[in-house]
Amino acid sequence: IQVHFDYQLASVRAEGEHQLRLVHELGMPTGPFDSLIFATGRSPNSASLGLQAVGVEVDAKGHVVVDGRQDTTAGRVHAVGDVTARPALTPVAIAAARRLMDRLFGGDAHARLDYDNIATVVFSHPPLGMVGLGEEQARERHGDAVKTYTARFRPMLHALADSPQRSLFKLVCVGEEERVVGIHLLGEGADEILQGFAVALKKGITKRDLDDTMAIHPTSAEEVVLMR
């Protein structure tokens, strides 16, 4: 695998019968490759809704602009889900809509979704998951108060098979109490493992709390509580 960061793709050209070559905007070719996957994201389908006519502001990409209560710039008009610039995740859209309905029709005037510390996963093989801040983000906010811990290991699932696959887990902590502000997991079972630790991070867990938690052996998840 070769990784090309900040690659500005200009064109794709066929080479031979079954290969493709990528061309950088500066003219430099890369490849050839057997296959090409376009993963360019999505655009909100808002252009034909006539939002500006009723005073609903949209950003440069067409996302409906909302505040923390899902209110738009037009009175009595609200927006949730992927049409906004919030995380484009199904559980996020559902949770935002439920909070909005609780406020509008359920009598809870303070209902709103907390968008901080939403866990996300790339369901690759192996999966990659994270919740909270990355190290770079944490240092921008907290400077030298940031400390990180990492664990690199072979998952027990692959131990006997002598597989080259490895896992990488990382904790981002802040302050003397080492409050955990970021958890990053790459490896077997990372998607399932992250859900429980996302709750702990949301509740303000510290590195000491993890150290005081007994490991479940043999699992990959135990590495989160064994980092030194």
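Residues numbered from 1 in each chain as written. Predicted model: local features only at pLDDT ≥ 70, side-chain atom pairs only at ≥ 80, totals over all residues. Heavy atoms only, no water.

Draft legend 1. Layout of a nonpolar patch on the surface. Together, Val122, Leu128, Leu168 and Leu186 make up a nonpolar patch on the protein surface, roughly 290 Å² of accessible area in all. Counting through the fold element by element, Val122 comes out in strand β4 (residues 120–122). (Patch = residues over 30% accessible without salt bridge, like charges linked within 9 Å, V, L, I, M, F, W, Y side chains within 5 Å. Areas by Shrake-Rupley, 256 points an atom, 1.4 Å probe, with all protein chains shown as cover. Salt bridge = Lys/Arg side-chain N within 4 Å of Asp/Glu carboxyl O. Helix = DSSP H or I, 4+ residues; strand = E, 2+ residues; numbered from the N terminus.)

Draft legend 2. The nonpolar core, seen in detail. With 21 residues, the main nonpolar core has Phe169, Leu171, Val180, Ile183, Leu185 and Leu210 as its most contacted residues. Only β6 (146–153), β7 (167–174), β8 (179–186) and α3 (190–202) provide two or more residues apiece to this core. Element by element, the count of residues in this core is highest for α3, at six residues. With residues near it in sequence (within four places) discarded, Val180 still touches Leu171, Val172, Cys173, Leu201, Ile205, Thr206, Lys207 and Leu210. (Core = buried A, V, L, I, M, F, W, Y, C linked by side-chain atoms within 4.5 Å. Buried < 20%, exposed > 50% of the residue type's maximum accessible area, 1.4 Å probe, protein only. Contact = heavy atoms within 4.5 Å.)

Draft legend 3. Geometry of unusual backbone geometry. Note that the residue after Gly31, namely Pro32, is joined by a cis bond; omega there is 10°. Within the secondary structure, Pro32 is located in strand β3 (residues 29–33). With omega at 0°, the peptide bond leading from His217 into Pro218 counts as cis. Its place among the elements puts Pro218 in the segment after α4 (207–211). A positive phi is found at Gln70, a non-glycine position, where the angle reads about 70°. Position of Gln70 among the secondary structure elements: in the loop between β3 and α1 (90–105). A positive phi is found at Asn117, a non-glycine position, where the angle reads about 60°. The topology assignment puts Asn117 in the loop between α1 and β4.

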